[in-house]
Amino acid sequence: MPVTKEFLFALAEAAAKQTMPRFRQRGAVDNKYETGFDPVTEADRLAESAIRDLIVRDYPHHGILGEEHGAVGLDREHVWVIDPIDGTRAFISGLPTWGTLIGLQKNGRAIAGVMSQPFTDELYFALESESFLVRAGVHERLQTRKTHSLSEATMFTTTPQLFKGEQRLRFDRLESMVQLSRYGCDCYAYAMLAAGFVDLVVETGLKPYDIVALVPIIENAGGMITCRDGSRPEKAGDIVAAATPELHRAALEVMNG
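A quick note: this is a predicted structure, and the numbers were derived from the prediction, not measured. (Residues numbered from 1 in each chain as written. Predicted model: local features only at pLDDT ≥ 70, side-chain atom pairs only at ≥ 80, totals over all residues. Heavy atoms only, no water.)

## Thoughts on unusual backbone geometry
- Non-glycine residue Asp-186 carries a positive phi angle of around 50 degrees.
- Note on placement: Asp-186 falls in the loop between strand E12 (180-183) and helix H5 (187-195).
- Residue Asp-186 is classed as partly exposed on the basis of its relative accessible area of 22%.
- Of note, the phi angle at Ala-236 is positive, near 70 degrees, even though the residue is not glycine.
- Structurally, the position occupied by Ala-236 is in the loop between strand E14 (224-227) and strand E15 (237-242).
- You can call Ala-236 buried: its relative accessible area is 6%. (Helix = DSSP H or I, 4+ residues; strand = E, 2+ residues; numbered from the N terminus. Buried < 20%, exposed > 50% of the residue type's maximum accessible area, 1.4 Å probe, protein only.)

## Points about the environment of Tyr-124
- Turning to its location among the elements, Tyr-124 is positioned in strand E8 (residues 122-127).
- Sequence separation of Tyr-124 and Lys-17 is 107 residues, and the distance between their C-alpha atoms is 18 Å.
- Ignoring any residue separated from it by four or fewer positions in sequence, one finds Tyr-124 in contact with Gly-113, Val-114, Met-115, Phe-132, Leu-133, Leu-142, Tyr-188, Ala-191, Met-192, Ala-195 and Ile-217.
- Side chain to side chain, Tyr-124 and Glu-122 meet in a polar contact 2.9 Å long. (Contact = heavy atoms within 4.5 Å. Polar contact = N/O pair within 3.5 Å; in protein donor to acceptor, adjacent residues only side chain to side chain.)

So, in structure tokens, the structure goes:
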């Protein structure tokens, strides 16, 4: 049975029923790390459980990889990749720049994705060959901006502090070449790229659940996204996403020295 947009919307709605009642409620925050800080909340765990329950019910032969509850069936043809709250730091800070990411891979390639931000009533999704923003029931086709040169580009990254050594020097050079550089926003920056407000997103150290859902949203909107070595982005790691192939090529040239 093929996956429909109605099912994607149902997954996002199930997650929102867990995240929205807990947003800006000053709930408990746990730390995944013994050193450093990687927050996780009840909303993260319950939202992922709600998504997984629907997938198991309707697509029991599919595999699942989730940030909070692990993996099952990764060798299957179809695998769902879930980040129930991408941007938990924003979530616990009361900032509406987090989102629920739900991606679907077929034989390792991302074929459908959702980025849901229920607080702002925005749902970005890709299915088949198109990407849309749905807000208040209205579908708006997503299209990246036709930016070709770094000097005209707006670029986002989570924080330059994540880049280390030579990679930090290359990022600093790239940052000096773009028109505007901004930090933070996690998955929301990629959604803004697909919607035509941002031109570049450059990240390091990502996991598959950070990026798989966003890949088809960007590609179907006309953008280009790969790992820094030019390979497919589903494996995550160092990511460069751009509004146009020309801009993507220019950013890779700088980041690869």
